[in-house]
Amino acid sequence: MLKKNPASADTRLLHHLRGVHWSRQRLLAIASQLSMLVITIFLITNVLITLGERRLQEEWAVQRYSELQTIGTLLADKISFQQFRTQMFSRAEPLRHYLDTPGHQEEQRLQQSWQSLKNNIPELMDIAVYDASGKFRLASSGNFGNTPLSKTLLDSIRSIGGTDIYTSNVEFAPVEDRLEPYQLQMTALENADQSIRGYLVTYNSVSQMLQSIKPAFSSNDSPLLLLDDQGQLYAGATNLDPLAGIPDTLGSSLRQSYPELWRDLATNNFGEFHGEQATFVYLKIPLASASQKDSEYMLLSYIRNEDISVRFAQWRNILLVTAVIVTLLAALAMIFAHLFRLEQRARLSSILLADGLFRADFGCLLVNESGRIICANDRAADILKQRQHEIENRSLQKLLEQDQQWYESVRQQLQQNKVWHGEVQLQALDNIVLRFNIRVVGEGRDGYALISFEDISELKQVRQDAFLNQLLSDSAVATALLAPNGKLVRVNETFDQLLQLDGSLDHTLSELLQNDLDNQWPRIMQLVSTHGVWQGQILCQDKRPGCIQATLKSYQDSEGELSYLVCTLERAANVRELPGPRVPHRTKVMPELEDLENFFNAMSPDEQQRSCLMLLDISPEALLSHMSEIESLESRQQQVETQVLNDLPRGYQMATWQLGKIAILVPNSDAINCHDFAAKTLENLGQHGLADGICIGIAAYATGQTIEQFLNNAEVALKRAKQSGERNICQAFTRQQSS
């Protein structure tokens, strides 16, 4: 690329852009779209199959529930018919003859009659007769033994009265080495005077009743189970392939084997339950007499989910084939859409390239493989201060005023990496510095170089100025740039070492200097906004011995808003270590009386002896007429504190004593000088419209006084000042305490 071959002709630089080129991004896009298509079709097909199977389950459940209702009705009808049949048995002629004239011949005749009935009625298991006291007399077989009737059973038949039929709950009886569920029906045999002469009991097989009804309504895929209200299985255990969790032996409990299903059955009289392996339909029906406590039983049927899947297999195959066809068609449509877009983009690439070249904000050049400039945009002509036709057909090496060694190094790097970045200084154009970006596109005679460049002379100068400013700021004075809220933006090395930051700027000036500067920050900002600068000394700290002189200067933007603060910190010598009189430094408005007390106790006895205390009351009576005016009082106190602090001489210390009262510790003064200072302070406040209602009490220090006694004397003077009404300033007389 960029070979020196003047004899070569200009090539068609944009020829390769007319073809279809599958980029990696395009291939990834197609792959991702096809993946999303396959996933979407798979999910939709799965949902449709699931919905279809669920719909088939619901249809089966509706049909099966209707069958259960019919079965329940037929069972009730059968039990009613059995009750009628039991009543007929009690009135039969052979039984009457046997009861009237009991004998062997009559017993044989009754047994033959009962055997004939059992042969013709499959569900009739046995018939028995008991006397009036419930003792066994005669039975058609010995399946149920000869035990007398229980007292509970006799009480039940007596409670229904007359010749009504009593029907018991379903129970089990061992018949031919198997358990057989049965129901007992009993009626009383009465004499002519309606006295009870005995009882007739019939035993009916529940499984035979269900077997006679079930074939007309269900198949092996839909078994029918009979359960009591405790989940015990009484019928329906003949399925050769039982479902997991469903009892397969008579007497076993569904409550223990399938508790999730049983909870649904126990709380509802009817309904359906969708399990992981099958769909269940259930219905509660009464089988015993209404007087029985546990007379409700549950008819339960189910169909396996795999049976539903087999029934839905044909529709599932149709859906799968349809999904595959739709996926293939959609994939082809996506690929053709991408091909169409690539063809469009290939046809418009040369137009977009030319538009980008000649409308860009930076200079652009097109260079052929021999190193000659094919075209340049307007911005390139402006930067190079030449006309476009003068730039075209020129050698890139001569245009950039570089030697053959530089040109060869650039050409070699382009052949290896296809990209070159660098900076070039043009002496013919007042030593301007251009940043170049050369990119090779295409191969051989169809290749070309796209060169973009921009003037970075100003950027170079800015970087040089920034470097010089950095060297200048690296001085012995600790300097920091702050945001208006006091957060550090930039610091020099001296500042970092002074406050031991270790390079961390995640701090504010108030937390670094401590000394309750955080509470005083609003007042400091007000002073900076008013005067443009604030100076103050920060009291000595344990980890940084010596006081710190702080200076804050404001920087405002074009709209007059405070943008940055320039802070300088210098170590200030402790006044208590200097020769001559030692005067405390003025630092801030102390928010607590304890701070003023600590400051006062730190003074030497001689300094305390020559000090006075001035107490200002700034709360006129009208201002405190309502509790809602407290905010106004706080605002006025802040204004007074700011003005007094601005005019306060060096060494004077001010503190907030109470809401509406300010204490000022005056060093190196007596009562007369302190009175003059109070009058001057009142006059200065009057010039700013803040002297209205202000009273001042003055007290001179007496040996041995505490700060509380000092304040009490000033408070006495303040009360007299409020009563005098003349200049509102009064002094308290103090005398030496006797030893």
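Residues numbered from 1 in each chain as written. Predicted model: local features only at pLDDT ≥ 70, side-chain atom pairs only at ≥ 80, totals over all residues. Heavy atoms only, no water.

### Digging into the overall build of the protein
Then step 1. When helices and strands are counted, the protein shows 22 helices and 26 strands.
Then step 2. Evaluated residue by residue, the protein yields a buried proportion of 43% over its 739 residues.
Then step 3. Within the protein, residue pairs in contact and separated by at least 24 positions form 56% of the contacts whose partners lie at least 6 positions apart.
Then step 4. Summed over all atoms, the accessible surface of the protein reaches about 40200 Å², with 50% contributed by carbon and sulfur. (Helix = DSSP H or I, 4+ residues; strand = E, 2+ residues; numbered from the N terminus. Buried < 20%, exposed > 50% of the residue type's maximum accessible area, 1.4 Å probe, protein only. Contact = heavy atoms within 4.5 Å. Areas by Shrake-Rupley, 256 points an atom, 1.4 Å probe, with all protein chains shown as cover.)

### Some remarks on helix 21 (residues 671-687)
Then step 1. For helix 21, with 17 residues, the first-to-last C-alpha span of 24 Å sits near the 24 Å given by 1.5 Å per residue.
Then step 2. Those residues of helix 21 that sit buried are C674, F677, A678, A679, T681, L682, N684 and L685.
Then step 3. G689, located one to two residues past helix 21, shows a positive phi value of around 70 degrees. (Expected span 1.5 Å × (residues − 1).)

### Some details on the sheet that holds strand 10 (residues 296-304)
Then step 1. Here we have five strands laid out as an open sheet, ordered 7-6-10-9-8, and antiparallel in their pairing. Both edges of this open sheet fall to strand 7 (233-235) and strand 8 (270-274), since each of them pairs with a single strand only. Across the sheet, the mean angle from the axis of one strand to that of its neighbour is 30 degrees, orientation sign disregarded.
Then step 2. Pairing of strand 8 with strand 9 (residues 278-286) involves five bridges; the strand directions are antiparallel. Paired with H274 across the strands is T279, a residue of strand 9. (Pairing = 2+ DSSP bridges. Axes fitted to C-alpha atoms, helices over the stretch in contact; angles between N-to-C directions.)

### A look at the sheet that holds strand 15 (residues 448-455)
Then step 1. The strand order across the open sheet built from five strands is 12-11-15-14-13, with neighbouring strands paired in antiparallel fashion. Every other strand in the sheet has two partners, leaving strand 12 (373-376) and strand 13 (419-426) as the edge strands with one partner each. Ignoring which end each strand starts from, the neighbouring axes of this sheet average 25 degrees apart.
Then step 2. The sheet contact formed by strand 13 and strand 14 (residues 432-441) spans eight bridges and is antiparallel. Counted as the bridge partner of V424 is L434 from strand 14.
Then step 3. Taken strand by strand, helix 13 (residues 404-417) contacts strand 13 and strand 14, and its axis lies near 160 degrees from that of strand 13.

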